[in-house]
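# Examining the three-dimensional arrangement
Letter by letter, the chains look like this.
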Amino acid sequence: MVRVTPASDSVEDLWSEIRAGRLSRRSLLRRGAALGLSAPVIATLLAACGGDDDDDSSDSSSGEATTAPSATEPPATEAEPTATAEEAEETETDTEEASPTAEPEEPTEPAEPAAEAGGGGQLRILQWQAPTMLNPHLATGYKDYDASRIAYQPLADFTREGEPVPVLATEFPTLANGGVTDDGLSVTWKLREGVTWHDGTPFTSKDVKFTWEYSTDPDTASVTSAVFAPIASIDTPDDYTVVITFADPNPAGFEIFTGRNGMIIPEHVFRDFMGTESRNAPANLSPVGTGPFTVTEFRPGDVVLYDRYDGYWEAGKPFFDTVELKGGGDALSSTRAVMQTGEADWAWGAGGDPKVIAELEKETAGKLTKVSAITGDKIVVQFADPNTEVDGARAEPGTHHPLFQHLEARQAIALCVPRDVIASEVYGNGAVPTSNNLVAPPRFNSPNTSWEFNTDKAKELLSAFPEAAGYKLLFQTSVSSTRQKAQEVVKQYLEQVGFEVELKSVDAAVFFSADAGNPDTYTKFYADLEIFTYAPDSLYPIGYMRRYATSGIAQKSNSWGGLNVTRYSNPEYDALHEQAKTEMDPDTQDELFIQMNDISVNDVVEIPMVIPQGLTAAAADLTDYNPTSWTGPYWDIQNWRRDG
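This is a predicted model, so every value here is computed, not measured. (Residues numbered from 1 in each chain as written. Predicted model: local features only at pLDDT ≥ 70, side-chain atom pairs only at ≥ 80, totals over all residues. Heavy atoms only, no water.)

Next up on the list: the nonpolar core. In terms of nonpolar packing, the biggest core is built from 146 residues, with Leu155, Trp189, Phe257, Ile422, Phe499 and Trp640 touching the most fellow members. Ignoring any residue separated from it by four or fewer positions in sequence, one finds isoleucine 422 in contact with Val417, Tyr427, Ala486, Val489, Val490, Met609 and Val610. Residues Ala337, Leu360, Leu615 and Ala617 belong to the second largest nonpolar core, which totals 13 residues. (Core = buried A, V, L, I, M, F, W, Y, C linked by side-chain atoms within 4.5 Å. Buried < 20%, exposed > 50% of the residue type's maximum accessible area, 1.4 Å probe, protein only. Contact = heavy atoms within 4.5 Å.)

Right, let's talk about the packing of aromatic side chains for a bit. Summed over all chains, the structure comprises 26 aromatic pairs. Here the aromatic rings of phenylalanine 444 and tyrosine 540 are separated by 6.4 Å at their centres, their planes lie at 80°, and the arrangement is edge-to-face. Of the two residues, phenylalanine 444 sits in the loop between strand 15 (432-433) and helix 13 (455-462) while tyrosine 540 sits in the loop between strand 18 (529-532) and helix 16 (571-582), which places them 96 residues apart along the sequence. Across this residue pair, the class does not change: phenylalanine 444 and tyrosine 540 are buried. Ring centres of phenylalanine 511 and tyrosine 522 lie 5.9 Å apart, and the angle between their planes is 40°; on these two criteria the pair is classed as tilted. Note that phenylalanine 511 is positioned in helix 15 (residues 508-511) and tyrosine 522 in the loop between helix 15 and strand 18, a separation of 11 residues in sequence. Comparing phenylalanine 511 with tyrosine 522, the two get one shared label, buried. By way of ring pairs, the aromatic residues Phe158, Phe172, Trp189 and Phe254 are connected into one cluster. (Phe/Tyr/Trp six-rings, centres within 6.5 Å; stacked < 30°, edge-to-face > 60°. Helix = DSSP H or I, 4+ residues; strand = E, 2+ residues; numbered from the N terminus.)

Detail in the predicted coordinates should be disregarded across regions flagged by low pLDDT. Chain-level statistics for the protein give a pLDDT mean of 84 and a share of 82% at 70 or above. Low pLDDT (under 50) marks residues 50-112, which in the prediction has 119 contacts with non-local residues, meaning those over four places away or in another chain. (pLDDT = per-residue confidence, 0-100.)

Moving on, we get to the sheet that holds strand 19 (residues 606-608). Taken in spatial order, the five strands line up as 17-16-18-12-19 in an open sheet, and their pairing is mixed. Every interior strand has two partners, whereas the edge strands, strand 17 (500-506) and strand 19, have only one. Strand-to-strand twist across the sheet, computed as the mean angle between neighbouring axes with direction ignored, equals 20°. As paired strands, strand 12 (residues 378-381) and strand 19 are joined by three bridges and run antiparallel to one another. Bridging from a neighbouring strand, lysine 378 pairs with proline 608 of strand 19. (Pairing = 2+ DSSP bridges. Axes fitted to C-alpha atoms, helices over the stretch in contact; angles between N-to-C directions.)

What follows is about the environment of arginine 260. As for its position among the elements, arginine 260 is in the loop between strand 6 (241-246) and helix 8 (267-270). Here arginine 260 falls in the buried class, since its relative accessible area comes to 8%. Considering only alpha carbons, one finds arginine 260 and aspartate 537, 277 residues apart in sequence, at a separation of 6.8 Å. When residues no more than four places from it in sequence are discounted, the contact partners of arginine 260 are Tyr142, Tyr145, Asp146, Thr631, Gly632 and Pro633. A polar contact of 2.9 Å, which involves the side chain of arginine 260, links it to the side chain of aspartate 146. (Polar contact = N/O pair within 3.5 Å; in protein donor to acceptor, adjacent residues only side chain to side chain.)

The next point concerns the packing of helix 16 against helix 17 (residues 586-602). Interhelical geometry of helix 16 versus helix 17 gives an angle of 150° and a closest axis separation of 10 Å. By the angle between their directions, the pair helix 16 and helix 17 is classed as roughly antiparallel. Crossing of helix 16 against helix 17: the hand is left-handed. Residues Glu572, Tyr573, Leu576, His577, Gln579 and Ala580 of helix 16 form the contact with helix 17, whose own contacting residues are Thr588, Leu592, Phe593, Gln595, Met596 and Ile599. Grouping the amino acids of the contact of helix 16 with helix 17 by side-chain chemistry returns seven nonpolar, four polar and one charged. (Parallel < 35°, antiparallel > 145°, perpendicular 65-115°, else oblique. Left-handed = near helix turned anticlockwise from the far one by under 90°. Nonpolar A, V, L, I, M, F, W, Y, C, P; charged D, E, K, R; others polar.)

So, on to unusual backbone geometry. The linkage connecting lysine 317 with the following residue, proline 318, adopts the cis geometry, with an omega of -5°. Residue placement: proline 318 occurs in the loop between strand 8 (303-308) and strand 9 (322-327). The phi dihedral of asparagine 429 is positive, around 50°, even though this residue is not glycine. Relative to the assigned elements, asparagine 429 resides in the loop between helix 12 (419-427) and strand 15. You will see that valine 604, though not glycine, has its phi angle at about 50°, which is positive. Here valine 604 falls in the buried class, since its relative accessible area comes to 5%.

Here it is in structure tokens:
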């Protein structure tokens, strides 16, 4: 079950929630009373909180998930700067220490009016993997999802603790509030009113339904199609209600339309670009979303420029007037640009040589935030033949890798990976070695696996395959100093056991490209080994584990849109994955995911190396950002501000 946000325990916490738009006036009254705050203090807080509010659903202390203010709530004005006498009196008499006859204190100074949107100038973001597509349902890699998220929004997102935050919905559906049925067959979402697309068209439930229709059209070849596949039907009884019905019990039904995979696209813009026309939509490069910023210019593989959306539904947001999202370079140069030179305000995917990062932390231009990662880089093993062509494509399912079709050969590769050395010397910054492919949420972290570094044992295993002696392996990754160093470390041990190894580094804009005609993308995987990472984006990671399922194989017929780039196929694994799609018992769920992880590890489908600390570099004066591993880094960009 989804955890709920605990009640704030300080005035500072209340201010933080008010600035983030997550606290209603009535909730503030109750929380302020519990803290014993005086009427003047509460009056000031109420003024910043915005317009009146009769809905208690946003009170995190009530046992429900935190809810942002309704789009229909008017911002506070100078005519309504403070609490009413009745509100102040209600607050004082609700505290245990207050006298039942005490008169409310009058405010000693006027409260500040709610902040206005804009005025923050430009926000400069460096993202060393530059986006190439701004349609999240055709995205290839996080670079595209995350750049899209600045313009598009889901119904809800998740904090670093995995707690839900409604976005285009008014509340997060749970069993307790009736949004989720006991049998797991239905989920009901209530949508915000007053939200508009960037062209001024109202956002309604029909757009949510259309997003499902668009993504699940086989000819669209959407990368999110598997996320929406369990849906049997969607009803829209009115413009602000969405009722999702599943063909089978769905333990992850409450997460559909959330996070990176759940961004809603407008029906009136994309209706004529479904199916085979999906790649021709002008909006793929020029989004029309509901987010806080609109795209004014996009140069794929280089830069995206955004302007503040004047019609954004959250009053007083966003703070920044423009955003520049610049791609290219590498993690270390991006980190240096924020921490040392002040050329940028935010670096996505910060990092680099651990010793250099330690020195950069002493600089005053920026600050470094560390968030425990929920995945890490893996060495991916090719099961198909990357050198045999079938119908104009290579590494197609049905072909078999000359060497890696044998388990012992794959095991030998794993024995050549010194994960502890790679964690401490290459990744550093708190990275730890791991033997699991699925490490989060913690409930699914298997206790059954282990790893070993032993080149002598690798040689012994390979002795059964004479063809392994001198076999030339093509080992690829994206251009990244960390991944390339990891390649170099593994290469020396692979060559010790008899392989010849050719290293290949592909520019990230190409490696993670959605270009079906490019032979160097990680999904085509025209190599023997490659390094990259792909993180769970759900607290119920059924979609993530599709990366080892036969149904998820990337191949020519689906424009290489599947998550399973290894072309691995195992009926036992497929059966577990199918069962997990409908399993409602939490204990059985744990067992299923642990078994799936163990199969992927023991069959050496991928070789997990490290779990790093996710690093975010931010300008010293940038505030109110909340990095999370469960969704994109810009999920709360409307809240970001600059001090001073």
